[in-house]
Amino acid sequence: MDRLRYIIEDALTNLRRSGWGGLASIGTIAVSFVIVGIFLIITGNLGALVADWKEQFQVTVFLEDGITSEQLALLKKRIQSERAVRNMAYTSKAEALQQFKRELQGRESLLDGLGENPIPASLQLRLYESYQSPEALKQLTASLSRLEGVEDVMYGQEWVDRLSSVIQVLRLLGLSVGLALGLASLLIVSNTIRLAVYTRAEEVEVMRLVGATRLHIRAPFVLEGMMQGTLGACLALVLLFGAYRATLWQIRMTPGQIFGAGVGSFLEPHWAVLMVVAGAAVGAFGSVISVGRFLRA
């Protein structure tokens, strides 16, 4: 217990003595994790948006005007037999026209001269997510287009797939930038701890002469590095949350109002915890490197 207290007190003393070098380490780690956190927030919210769109995604089957009730019944039965189809809804020509008028919002008079209803009846198909890939959709739409009574088949999955690709690119970019900045943080922490070790070289040498183990000598410095990394990551989270709330206040919106429920949220708790753990790991590893070099010298 006394040894643990000594290690903690020694680490806190080293942290106070580190001065500008320690602040530089904490600041560099904070900047690194702020940038990584920005990528995580952006990709997380875009991922939630895409997931919501995929959940609402549907294929619209437009029907021929002359389709009979018997043909419609057979067509529904045929489509419901498709393994990709989760559920199906029917919209008649009259219902489609009423929906279109509601979307015009007060400009319904534009349709007064149309005479006959030009909007076709349709079937709206909700698909299982496993069948929403471009290849599966092409096969499904080709099959549906050949059915009797079908005028056209439409879906808008292409742009959802493009957005998914953009998210993957952003994640890779965020990971690359995060690794580069993590290495920079590692070097700065390592150099800061190395300076602390050299300023206490005589004390460390005396400890070695009286038989102190390498673990006993190394522990306070490693703990100091962990403290620097943890402080840097926590500072990054505070800055990220402040910027997040300021952005929402600036655009006069609350979380969940930007694109829909679940979108516009801050970092998930597990990502925040992982950032703090990663910060502590970066600080500890940088300390292990610098102290190890000194003890081998």
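Everything that follows concerns the structure shown earlier in this document.
Everything numeric in this text was worked out from a predicted model, so none of it was measured.

J.: Please give an account of the side chain of Ser122 that cites residues and values.
T.: Here Ser122 lies in strand S3 (residues 122-127). Side-chain polar atoms of Ser122 contact the side chain of Gln124, separated by 2.6 Å. With near-sequence residues (within four places) excluded, Ser122 lies in contact with Thr60, Val61, Phe62, Leu63, Ala89, Tyr90 and Thr91.

J.: Lay out the pattern of salt bridges with the relevant residues and their values.
T.: Scanning the entire structure with this criterion turns up two salt bridges. The residue Lys93 makes a salt bridge to Asp65 at a minimum N-O spacing of 3.4 Å. Of this pair, Lys93 sits in helix H4 (residues 93-104) while Asp65 sits in the loop between strand S1 (58-63) and helix H3 (69-80); the two residues are 28 residues apart in sequence, bridging distant segments of the chain. Here Arg78 ties to Glu82 by a salt bridge, and the two come within 2.8 Å at their closest N and O atoms. The buried category is assigned to Glu82, whose relative accessible area is 19%.

J.: How would you sum up the nonpolar core? Please name residues and give values.
T.: General note: in soluble globular proteins, nonpolar side chains tend to be found buried as a group. Counting residues in each nonpolar core, the largest one holds 20 residues, and the members touching the most others are Val61, Leu63, Leu75, Ile79, Leu125, Leu127 and Leu144. Among the secondary structure elements, those contributing two or more residues to this core are S1, H3, S3, helix H5 (134-145) and strand S4 (150-154). For Leu127, the residues in contact, after removing those within four places along its chain, are Phe57, Val59, Ala84, Val85, Arg86, Gln132, Leu137 and Leu140. Core analysis: the next-biggest nonpolar cluster, separate from the first, contains 14 residues, Ile29, Ala233, Leu237 and Phe266 among them.

Calculation notes
- Residues numbered from 1 in each chain as written.
- Predicted model: local features only at pLDDT ≥ 70, side-chain atom pairs only at ≥ 80, totals over all residues.
- Heavy atoms only, no water.
- Helix = DSSP H or I, 4+ residues; strand = E, 2+ residues; numbered from the N terminus.
- Polar contact = N/O pair within 3.5 Å; in protein donor to acceptor, adjacent residues only side chain to side chain.
- Contact = heavy atoms within 4.5 Å.
- Salt bridge = Lys/Arg side-chain N within 4 Å of Asp/Glu carboxyl O.
- Buried < 20%, exposed > 50% of the residue type's maximum accessible area, 1.4 Å probe, protein only.
- Core = buried A, V, L, I, M, F, W, Y, C linked by side-chain atoms within 4.5 Å.

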